[in-house]
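Each chain is listed here by its residues.
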Amino acid sequence: MAVDKKYETPLLDELEKGGWPSFVREIKSAAETNPMANDLLGLLEQSYTEKKGHWKHGGIVGVMGYGGGVIGRYTDLSEKFPNISHFHTMRVNQPSGWFYTSEALRTLCDIWDAHGSGLTNMHGSTGDIVFLGTRTEELEPVFKKLTDAGFDLGGSGSDVRTPSCCCGKARCEWACYDTMGLTHFITNKFQDELHRPAFPYKMKFKMAGCPNDCVASVARADISIIGTWRDEIQVDMQKVREYAKNGTDILKEIVMMCPGKCMDWDGKDLKIDNSSCRHCMHCINVMPKALAPGKDRGAVVLVGSKAPIVEGALLSSVLVPFIKLDEPFDESELWELIENMWDLWCEEGKNRERIGEFIQRVGMGNFLEAVGLEPQPDMVSHPRENPYIFYEEYFEEGE
Amino acid sequence: MAEEVIQRKTDIGPPHFSKFLPPIIKENYGKWKYHEIPRPGVLVHVADNGAKLYSVRAGSPRLLSTNKIRKFADLAEKYSDGYLRFTSRHNVEFLVTKEQNIEPLIAELNALGHPVGGTGNSITSIVHTQGWIHCHSAATDASGIVKAVMDECIGHFTSMELPGKLRIALACCLNMCGAVHCSDIAILGIHRRPPKIDKENLPKMCEVPNVVASCPTAAIRPVVYDGKQGVEILEDKCMFCANCFTVCPALPIANPLNDGISIWIGGKVSNARHEPMFSKLAISFIPNNPPRWPEVTDAINNLVELWAKNAHKHERMGEWIERIGWPKFFRMSGLEFRKEHIDDFKHAGLTFKRSAHLTY
């Protein structure tokens, strides 16, 4: 494709300076041959001049049979920048853990160079490969080539959003379950829910292999599955002593920083009261050669985190304190629980009400009852302080 | 056309990740013993059988051209048998098995303009949203501020001398596609003027009951003007969330005079030591000042350096402030404490100081 017009971009040029890699250079690089990328450059310069975006509200576009995966986008300056009059984003479901071969990346690049702006996000906030900007008539051809290459679209709108995970057992000694395997399983199990929005609002899954939570599942997922263990921290005492010898101040850096105050160090032995361990990972993070999560590994399942819109931001809270998550994944009792939650939320949830907000509205106690879970002290940071209790049963005289 | 429809494949899901894993990972899946960080930006994972995998991590602007991705593919073929991955914070990682490839790979990445780092006690890449590049509801740009901030912080990307990790995130409006609300430093685009009602188009574009229901503070009421359905906005109840604009394009809220940036600090998602926490308001408003947002980069620089100088080893921003207390933090930082810093939404009272535990 030929690019016939060149825009002056004095403001954006300032963002080519400095040591950090420049997104402006990326757009300029694509703009050498791609008219869409070139018009994006011109539009962005105008936004920088006016301190204002120039994109209209979405609009419903997509590939046949799917309700999600494409974000419709049109500029409000289409006469001035005709090549981005349509500039739809396609979300392409990433492989678990964001691992690629150079060959797979080249295939994706070939598809996008032929049909889109030549610009991507590697990756979007939810985890997808983001193809940034194309026209409506290009959506089906891109989809055809993607599926021929073994890729599919991700989620958008009120559907299961593309699940994502940390690298788990592929490259981390702390993974307490197979995050990548489970993510692949969940993504495939819920293909219909992912491609055809039918929920009150979005539904995100994030799988973290340990409580370090490298995918921010506790803050960014409606269902957060965080690996943990329930037996004793594995200790190589000789290695602990080596850390001490090499300058780690075990008393100050480990024992005093332990949130469960469950450790002691006498200069020779590290004692751990595992029954008070909070499974926070700090000691293991500081001495990875000496300490490791226990052997009885699984996960804690939390529910409900979200960003502020509409009723305020939430962190996920504990739903299942411990669950084993071994293969075969399809035998897990988790799926029945999730289906129960979805049935309830779809039936009772309001439009644009995330499941976390729904739980706040109906009450966690009522929610647990409806999905068939027993209340447990692990689910709260402390019991209620307010005495306005909704007692549900009482006696009548003479009964 | 009919033939094409028949050939259409749907619901195949993503390719299985095993197609993209290097042999060393397939052999040692679930069998890693420990890891070390021999130098900033390089991790070495050691398996039970002694096998060693080096991951070389380079920073990225997230927005990548296919030209750049092809260059990454070239480098992967040259140095890591074609295997690479991306991290949850948009860095690119080359999965190297030959130790002698590390140096030349780092040299080529640097020559390509991609610094190597982001490991251990560093500032790694900023998780962020689309901003003016692609979003209809942006109150600020995303990539430009990220670039300006990382240009300032790059020395903390390529070294590991901070007390602990520092995670910065940016969202260009309260929708927070980047879910920045649990970051050590969150840069958040905000609107500050209630939506202007496009009376002409509202009845054509929007459903009034949906618009009314969208407002979390019940600031929107249905009205009829000239026989046409419409809404009015009680401006003193508007908290600029823009949820109404999301459901109704005829309520534009973006405004160059009033849009800008707020800075939130002290959040974290990791469970290490302290439980996950939300970020709290540090600076309620900084005007948009493209192309390099100098007031934002200065503010962040000051926050980073203050924390770096005063925190104990391993303490994240929020843990440090919790130890010294917010009043002391405001005294030390010189930041102005304003009315906006006091919460007035749901459960605000839980954030009031309810004791005499004060520092002077």
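Residues numbered from 1 in each chain as written. Chains lettered and ligands numbered in written order. Predicted model: local features only at pLDDT ≥ 70, side-chain atom pairs only at ≥ 80, totals over all residues. Heavy atoms only, no water.

### Some thoughts on the confidence of the model for chain B
Rules: For every residue, the pLDDT score states the predictor's confidence, bounded by 0 at the bottom and 100 at the top.
Chain-level pLDDT for chain B is 95 on average; 98% of the residues reach the 70-or-more range. Reported for the predicted complex are a pTM of 0.97 and an ipTM of 0.96.

### Focus on the interface of chain A and chain B
Going by this rule: In what follows, a contact means two residues having at least one pair of non-hydrogen atoms within 4.5 Å. Once two parts are joined, some of their accessible surface, as seen by a 1.4 Å probe, is lost; buried area is that loss totalled over both. Salt bridges are defined as contacts in which a side-chain nitrogen from Lys or Arg sits within 4 Å of a carboxyl oxygen from Asp or Glu. Here a polar contact means two N or O atoms within 3.5 Å. Within protein one must be a hydrogen donor candidate and the other an acceptor candidate, and residues neighboring in sequence count only if both atoms are side-chain atoms.
Each side of the interface is counted separately: chain A has 114 residues, and chain B has 110 residues. Buried surface at the junction of chain A and chain B, both sides included, amounts to about 10100 Å², of which 60% is carbon and sulfur. Considering only the surface of chain A that becomes buried against chain B, Trp20, His57 and Arg171 of chain A emerge as the three largest contributors, covering 10% of it. Run the count over chain A and chain B and you get 12 salt bridges. Our count for the chain A to chain B interface comes out at 62 residue pairs in polar contact (both at pLDDT 80 or more).

### Thoughts on the nonpolar core
Stated formally: Buried residues of nine kinds, namely Ala, Val, Leu, Ile, Met, Phe, Trp, Tyr and Cys, make up a nonpolar core once their side-chain atoms join them within 4.5 Å. Summary of the burial criterion: residues with accessible area below 20% of their type's maximum are buried, those above 50% are exposed, and those between are partly exposed, where the area comes from a 1.4 Å probe applied to protein chains only. A run of H or I in DSSP becomes a helix once it reaches four residues, and a run of E becomes a strand once it reaches two; helices and strands are each numbered from the N terminus. Here the bounds of each domain stem from an automatic or database domain assignment.
Of all hydrophobic cores here, the largest spans 109 residues; its most connected members are Phe131, Phe205, Ile225 and Trp342 of chain A together with Phe94 of chain B. Among the elements that take part in this core, helix H13 (residues 334-348) of chain A stands out by supplying 8 residues, more than any other. Both domains that meet at this core, namely domain 1 (10-148) and domain 2 (164-230 + 296-379) of chain A, each give it at least three residues. Leave out the neighbours within four places in its chain, and phenylalanine 94 of chain B touches Tyr54, Ser55, Val56, Phe72, Leu75, Ala76, Ser80, Tyr83, Leu84, Leu105 and Leu109 of chain B. If you look at the next biggest cluster of nonpolar residues, it comprises 66 residues, including Ile84 and Val130 of chain A together with Ile133 and Ile286 of chain B.

### Here's the deal with a nonpolar patch on the surface
How we decide: Two distance rules govern patches: like charges are joined within 9 Å, and nonpolar side chains (Val, Leu, Ile, Met, Phe, Trp, Tyr) within 5 Å, applied only to residues with over 30% relative accessible area and no salt bridge. For accessible areas, the Shrake-Rupley method is used with a probe of radius 1.4 Å. Any residue's cover is judged against the shown protein chains and nothing else.
A surface patch of nonpolar side chains, amounting to about 300 Å² of accessible area, comprises Phe337, Ile342 and Phe352 of chain B. Examined against the element boundaries, phenylalanine 352 of chain B turns out to sit in the segment after helix H11 (326-333).

### Regarding the domain arrangement of chain A
Residue and element names in this part refer to chain A. Let me state the cut-off plainly: Under this grouping Gly is polar, as are all residues other than the nonpolar Ala, Val, Leu, Ile, Met, Phe, Trp, Tyr, Cys and Pro and the charged Asp, Glu, Lys and Arg.
According to the domain assignment, chain A consists of domain 1 (10-148), domain 2 (164-230 + 296-379) and domain 3 (234-292). Look at where the C-alpha atoms of domain 1 and domain 2 centre, and you get two points 30 Å apart. If you look at the interface, domain 1 gives 13 residues, while domain 2 gives 17 residues. Counting each side, the surface lost to burial between domain 1 and domain 2 is near 1100 Å², with a carbon and sulfur contribution of 53%. Taken together, domain 1 and domain 2 are joined by 0 salt bridges. On inspection of domain 1 and its partner domain 2, the count reaches 10 residue pairs in polar contact (both at pLDDT 80 or more). Here the residues of the side of domain 1 that touches domain 2 are counted per class, giving 3 nonpolar, 10 polar and no charged.

### Description of the pairing of strand S10 (residues 220-225) of chain B
All names here are of chain B. Just so we agree on the cut-off: Strands were regarded as paired on the criterion that DSSP finds at least two bridges between them.
Note that S10 and strand S11 (residues 228-233) share 6 bridges and pair antiparallel. Directly across from proline 222, in S11, lies its bridge partner valine 231. Connecting S10 to the antiparallel partner S11 that follows it, the hairpin turn spans 2 residues, and aspartate 226 within it adopts a positive phi of roughly 45°.

### Describing the pattern of salt bridges
Evaluation of the coordinates by the stated rule reveals 43 salt bridges over all chains. The partner of aspartate 266 of chain A in a salt bridge is lysine 271 of chain A, and the shortest N-O contact between them spans 3.9 Å. For glutamate 336 of chain B, the salt bridge goes to arginine 338 of chain B, with nearest N and O atoms at 3.6 Å. Among the residues examined, glutamate 336 of chain B registers a relative accessible area of 52% and is labelled exposed. Bridged by salt links that share partners, the residues Asp13, Glu16, Arg25 and Lys28 of chain A form one connected network.

### Considerations on a negative patch on the surface
Residue and element names in this part refer to chain A. This is how the line gets drawn: Charged-residue counts in this description rest on Lys and Arg as positive and Asp and Glu as negative, His and the chain ends being excluded. Just so you know, the charge point we use is NZ for Lys, CZ for Arg, CG for Asp and CD for Glu.
A surface patch of like charges, here negative, comprises Glu333, Glu336, Glu339, Asp343, Glu347 and Glu348. Note on placement: glutamate 333 falls in the loop between strand S14 (317-323) and H13. You can call glutamate 333 exposed: its relative accessible area is 55%.

### Observations concerning the sheet that holds strand S4 (residues 63-65) of chain B
Adjacent strands of a sheet form backbone hydrogen bonds with each other and so pair up, either parallel or antiparallel. Keep this limit in mind: Lines fitted to C-alpha atoms define the axes, with helix axes restricted to the stretch in contact, and inter-axis angles between N-to-C directions lie between 0 and 180 degrees.
With antiparallel pairing, 5 strands are arranged side by side in an open sheet as S1(A)-S2(A)-S5(A)-S4(A)-S4(B). A single partner strand is all that each edge strand has here, and the edge strands are strand S1 (70-71) of chain A together with S4 of chain B. Note: S1 of chain A against strand S2 (residues 89-92) of chain A, 2 bridges, orientation antiparallel. Residue pairing across strands places isoleucine 71 of chain A opposite threonine 89 of chain A, the latter belonging to S2 of chain A. Packed on one face of the sheet, helix H4 (residues 102-115) of chain A meets S2, strand S4 (119-122) and strand S5 (129-132) of chain A and runs near 25° to S5 of chain A.

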